[in-house]
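Each chain, letter by letter, is given below.
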Amino acid sequence: MLFEKGNAAKQWMLEELDRRYGKAPARILDLACGNGRIWERFLKTHPNIRVTGIDSDERAILQGKTSYQGNTQINLQHFDAQKLIDGVYDSVMAMSAIEHVVDHPAFLRTVWNALSSGGVAYLNYDSGHFRSNNVKERLMVPISQLLALFGAQGSYMKRVDDKLFCDQIRKQGFNITDIKKHNLYPLKGFMRAAEEEAVKTWYEFENKLNQMYLPEELEKVMWSTTVVVKKG
Ligand SMILES: C[S@@+](CC[C@H](N)C(=O)[O-])C[C@H]1O[C@@H](n2cnc3c(N)ncnc32)[C@H](O)[C@@H]1O
């Protein structure tokens with residue numbers, strides 16, 4: 001089933017949750033959730049899933065709260081994911097997120113603290129901002145890092161180094177169980193407007209490539225990385 005039309009990595013993570021929980025109840029924490037739009041289709045087909053979404057952008061959270069008004073399956077909160085969060089969750093998600101977070105070890109501590117024993121987290125980041133031909137986007141990279149030095153973290157972006165991030169993950173105590181690469185460049189942008197049938201074919205093709213090649217080989221052409229980690 002198609003849960004997300006324009007991003008193969010997010011579709012894969014949601015399919016993983018679908019395989020893991022099916023119709024069973026589960027508590028999911030979505031860190032750096034934005035306005036939570038991504039959950040719209042998924043929640044309709046998974047009535048026993050409860051999502052808590054956290055984001056440091058108050059406007060995005062307010063927007064999400066308005067569009068999900070009356071929906072008891074999702075609870076959106078304005079909070080910094082670099083600080084510990086109340087509650088215990090079966091899975092933690094971070095989608096298109098890690099490259100926007102300043103302090104990765106602090107973020108990983110939050111994930112560790114929130115996950116139940118045996119729980120699984122999907123930690124995803126994109127490298128499109130750093131490879132794009134868009135001059136404004138390329139300029140924003142150093143500017144956003146400079147702003148973060150003075151405490152303005154909202155626009156922050158920094159390319160995530162796979163090896164360094166994996167070292168930080170292991171240092172926190174997690175086991176890395178999988179690494180997937182998605183979002184073939186430049187197909188992703190093109191497919192945003194495509195028919196569902198074409199999108200499904202694209203997703204199947206990317207999953208096939210992940211079976212055939214190593215993440216470091218796919219890194220050259222695929223711009224989104226998902227590290228799957230397990231607690232215990
Ligand atoms: C590219 S958006 C991704 C939003 C959403 N996960 C999605 O896939 O549509 C990155 C998000 O990370 C959030 N963010 C960055 N640092 C954060 C932090 N320390 N705590 C919570 N959210 C954070 C930003 O506010 C932004 O909404």
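All of these numbers come straight from a predicted model, not from anything done at the bench.

So, how was this worked out
- Residues numbered from 1 in each chain as written.
- Predicted model: local features only at pLDDT ≥ 70, side-chain atom pairs only at ≥ 80, totals over all residues.
- Heavy atoms only, no water.
- Pairing = 2+ DSSP bridges.
- Helix = DSSP H or I, 4+ residues; strand = E, 2+ residues; numbered from the N terminus.
- Axes fitted to C-alpha atoms, helices over the stretch in contact; angles between N-to-C directions.
- Buried < 20%, exposed > 50% of the residue type's maximum accessible area, 1.4 Å probe, protein only.
- Polar contact = N/O pair within 3.5 Å; in protein donor to acceptor, adjacent residues only side chain to side chain.
- Near = heavy atom within 4 Å.
- Areas by Shrake-Rupley, 256 points an atom, 1.4 Å probe, with all protein chains shown as cover.
- Nonpolar A, V, L, I, M, F, W, Y, C, P; charged D, E, K, R; others polar.

Chemist: How should the sheet that holds strand β4 (residues 89–94) be read in this particular structure?
Modeler: The strands making up a sheet associate through hydrogen bonds between their backbones, and the pairing can be parallel or antiparallel. The seven strands lie next to each other as β3-β2-β1-β4-β5-β7-β6, forming an open sheet whose pairing is mixed. At either margin of the open sheet sits one strand with a lone partner, and together these are β3 (74–78) and β6 (175–184). Direction aside, the axes of adjacent strands within the sheet are offset by 15 degrees on average. Here eight bridges tie β6 to strand β7 (residues 222–230), and the two strands are oriented antiparallel to one another. Residue pairing in the sheet places I179 in a bridge with V227 of β7.

Chemist: How should I be thinking about the environment of W39 in this particular structure?
Modeler: Residue placement: W39 occurs in the loop between β1 (26–31) and α2 (40–45). On the accessibility criterion, W39 (0% relative accessible area) is buried. Along the sequence, W39 and L14 sit 25 residues apart, while their C-alpha atoms lie 8.8 Å from each other. Only 2.7 Å separates the side chain of W39 from the side chain of D30, close enough to count as a polar contact.

Chemist: I tried to follow the site of the ligand on my own but got confused; where do I start?
Modeler: Residues in close proximity to the ligand total 14 residues, the closest being K10, A32, D55, D80 and A81. Side-chain polar atom of D55 to an oxygen atom of the ligand: 2.6 Å apart, as the coordinates give it. In the environment of the ligand, a nitrogen atom lies 3.2 Å from a nitrogen or oxygen atom belonging to the backbone of S56. Burial of the ligand by the protein chains amounts to 83% of its free accessible area of 590 Å². A class-by-class count of the residues in the shell around the ligand yields five nonpolar, five polar and four charged.

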